[in-house]
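# Coordinate analysis (summary)
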Amino acid sequence: MKKAGILMAVSSLPSFYGIGDFGENCLHFIDDLKKCGCHIWQILPLNPLGYGNSPYQAYSSKAMDELYISLDELKKMGLIENTKKFNASKKRVNYDEVRRFKSAYYHEAYHNFKKDESYQTFASQKWVIEYAVFLVFKKMNDMKIWHEWPQEQQNWIKDHSYDLTSLKEKIDYEIFLQYLLYQQWMKVKTYANENGIEIMGDLPIYVGIDSVDVWANQNYFLLDDKSHPTFIAGVPPDYFSVTGQRWGNPLYDWDYMKKQDFDFWCDRLAYNAQLFDMIRIDHFRGFDTYWKIPVSCPTAVEGEWMEAPGYELFDVLFQKIDNLKIVAEDLGNLRPEVLKLRDHYHLPGMKVLQFTFNPQTPYANDVENVVAYTGTHDNQPLVSWFSSQSSSFRRRTKVFLDTSGYHYENVIDNLIAFLMNSKANMVIIPMQDILHLNAKSRMNTPGTLIDTNWTWKLADFKDFEKKLDRFSEMIQISQR
């Protein structure tokens, strides 16, 4: 069965409180997905936002950011009383302002909460406790990276000798927030599944050095005796960058991981498989070969390709985790072995219309086991992409679409319809493209720290719901 879906970050949902959350508008959006015949909602990572408010530089690969807690749900639970609207009509998320605004309500809810058996079960999980201690320590140290904390705090994760008695209330508060997030999100996921919607989560292949993942699992990474990375991740120079991309994430010690039967990855993916129906793994090629950059190199020019134990890892993952559904982000120039690894496990890859479409050979990349996109969160919206193409490209595209029977009055709708009618088993359209939005709505511009990254959101559902009938028609015609 071929399926269609929409790419939309939770943070981009409309909200009375400055950022999309796990409340009624999540359920409203799922209702709209069902109405138009979609079966997939792809989101961005929900993890605690790190540097630059990027969901890909998170403090944890299991915890979620407290910003997504719904205040309206807290009111229904009787944990808070009245709320006031905040940045309700804004089309940008101001993360710092929203975090300050919602914090007072979270503390009110904490003081009114009565711990029950469900909470106690959740709070006893090792990862929750470690994350709560990690975040409390960070806050005590002005949010500095963990290897700059006092030595006894750094070492707590190894020897538990630092006395946490005086911090119990703060640690319990962080656990409470994670409990709320888990309960609210699972309500959303259950509602989606009951309405025939699968949720596709997003998991970066690497974790950040400033994360509980590294702090609690230091032997699994290439670190020196002061817990600093010895080698870091990235990609070498190419057509797009003469110095390559130096991401800064610590590299895995794959030899050590193999000896531990890949338990770090099994644990990480098993938990995320509870939260999502399928998981897109970013930079899939890193399971085949990865670029190993000496930490002393200020760019990604120096480095070497190293082989990763991809087959050994995925054999263990699929053996130990039931119903694990993975989408491989396999974009870019790849060696053939990456595609062999992907196909060995029958994993769908990705195709992006902005990268592959050519009006002279429009069907060159038309394959089945793939998730096809007009663009991803890292691309400019289709409107601005198309307008940036040459006049001859735009003219040939319109001629092709017209002669192929696509007769919507707007070329953007015709391109979406063309993609819908492809062989791809899954087609995902970013909300910005459904709404024909321009470059101002771009979610992220890779390699930049501009203040518009990750901030775009809808003010309301009105414009989207005006498009529902047309989008539904595209889905029906393409038999998705």
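Here we summarise the structure given alongside this text. Note that this is a predicted model, so its numbers are computed, not measured.

### Focus on the packing of helix α1 (residues 24–36) against helix α8 (residues 168–194)
Closest axis-to-axis distance for the α1/α8 pair is 10 Å, and the angle between their directions is 15°. Between α1 and α8, the crossing angle belongs to the class labelled roughly parallel. Both α1 and α8 take part in a crossing whose hand is right-handed. For the pair α1 and α8, the contacting residues are Cys26, Leu27, Ile30 and Asp31 in the first and Val188, Tyr191 and Ala192 in the second.

### Observations regarding the side chain of Asn47
If you trace the backbone, Asn47 turns up in the loop between β2 (40–42) and α2 (71–76). By relative accessible area, which is 7% here, Asn47 ends up buried. One polar contact links the side chain of Asn47 to the main-chain carbonyl oxygen of Ala63, over a distance of 3.0 Å. Residue contacts for Asn47: discarding those within four places in its chain leaves Ala58, Ser60, Ser61, Lys62, Ala63, Met64 and Asp65.

### Describing the pairing of strand β12 (residues 426–430)
Within β12, 5 of the 5 residues are buried, which leaves the element mostly enclosed by the surrounding structure. Taking every second residue as pointing to the same face, both faces of β12 are buried, with Met426, Ile428 and Pro430 on one and Val427 and Ile429 on the other. Two elements, strand β11 (residues 370–373) and β12, share 3 bridges in a ladder whose sense is parallel. When the sheet's bridge partners are listed, Ala372 is paired in β12 with Val427.

### Quick word on the sheet that holds strand β9 (residues 326–328)
Here we have 8 strands laid out as an open sheet, ordered β9-β6-β3-β2-β1-β12-β11-β10, and parallel in their pairing. Only two strands of the sheet have a single neighbouring strand rather than two, namely β9 and β10 (349–352). Averaged over all pairs of adjacent strands, the angle between strand axes in this sheet comes to 25°, irrespective of strand direction. Of the strand pairs in this sheet, strand β6 (residues 278–282) and β9 are connected by 3 bridges, and their pairing is parallel. If you follow Ile279 over to β9, its bridge partner there is Ile326.

### Focus on the pattern of salt bridges
In this structure the tally under the stated criterion is 25 salt bridges. Between Glu198 and Lys3 there is a salt bridge whose closest N-O contact spans 2.7 Å. Of this pair, Glu198 sits in strand β3 (residues 198–204) while Lys3 sits in strand β1 (residues 3–7); the two residues are 195 residues apart in sequence, bridging distant segments of the chain. The exposure class assigned to Glu198 is buried, which follows from its relative accessible area of 14%. For the salt bridge of Lys76 with Glu24, the shortest nitrogen-to-oxygen distance reads 2.6 Å. Placement of the pair is Lys76 in helix α2 and Glu24 in helix α1, with a sequence separation of 52 residues.

### Focus on α1
End to end, α1 covers 19 Å across 13 residues, agreeing with the expected 18 Å (1.5 Å per residue, within 8%). On its buried face, α1 sits against β1, β2, α8, α18 (431–434) and α19 (462–477).

### Some thoughts on the packing of helix α11 (residues 263–275) against helix α12 (residues 310–320)
Running from N to C, α11 and α12 point in directions that differ by 45°, and their axes come no closer than 10 Å. With respect to α12, the element α11 is oriented oblique. Our pair here, α11 against α12, has a crossing hand that is right-handed. Facing Trp265, Cys266 and Leu269 of α11, the residues of α12 in contact are Leu313, Val316, Leu317 and Lys320. By residue class, the composition of the contact of α11 with α12 is 6 nonpolar, no polar and 1 charged.

### With respect to the side chain of Ser472
Within the secondary structure, Ser472 sits in helix α19. With relative accessibility at 11%, the residue Ser472 sits in the buried group. Excluding residues within four positions of it along the chain, Ser472 makes contact with Lys35 and Cys36.

Rules of the game
- Residues numbered from 1 in each chain as written.
- Predicted model: local features only at pLDDT ≥ 70, side-chain atom pairs only at ≥ 80, totals over all residues.
- Heavy atoms only, no water.
- Axes fitted to C-alpha atoms, helices over the stretch in contact; angles between N-to-C directions.
- Helix = DSSP H or I, 4+ residues; strand = E, 2+ residues; numbered from the N terminus.
- Parallel < 35°, antiparallel > 145°, perpendicular 65-115°, else oblique.
- Left-handed = near helix turned anticlockwise from the far one by under 90°.
- Contact = heavy atoms within 4.5 Å.
- Buried < 20%, exposed > 50% of the residue type's maximum accessible area, 1.4 Å probe, protein only.
- Polar contact = N/O pair within 3.5 Å; in protein donor to acceptor, adjacent residues only side chain to side chain.
- Pairing = 2+ DSSP bridges.
- Salt bridge = Lys/Arg side-chain N within 4 Å of Asp/Glu carboxyl O.
- Expected span 1.5 Å × (residues − 1).
- Nonpolar A, V, L, I, M, F, W, Y, C, P; charged D, E, K, R; others polar.

Spatial relationships are all this shows, so hold off on functional conclusions.
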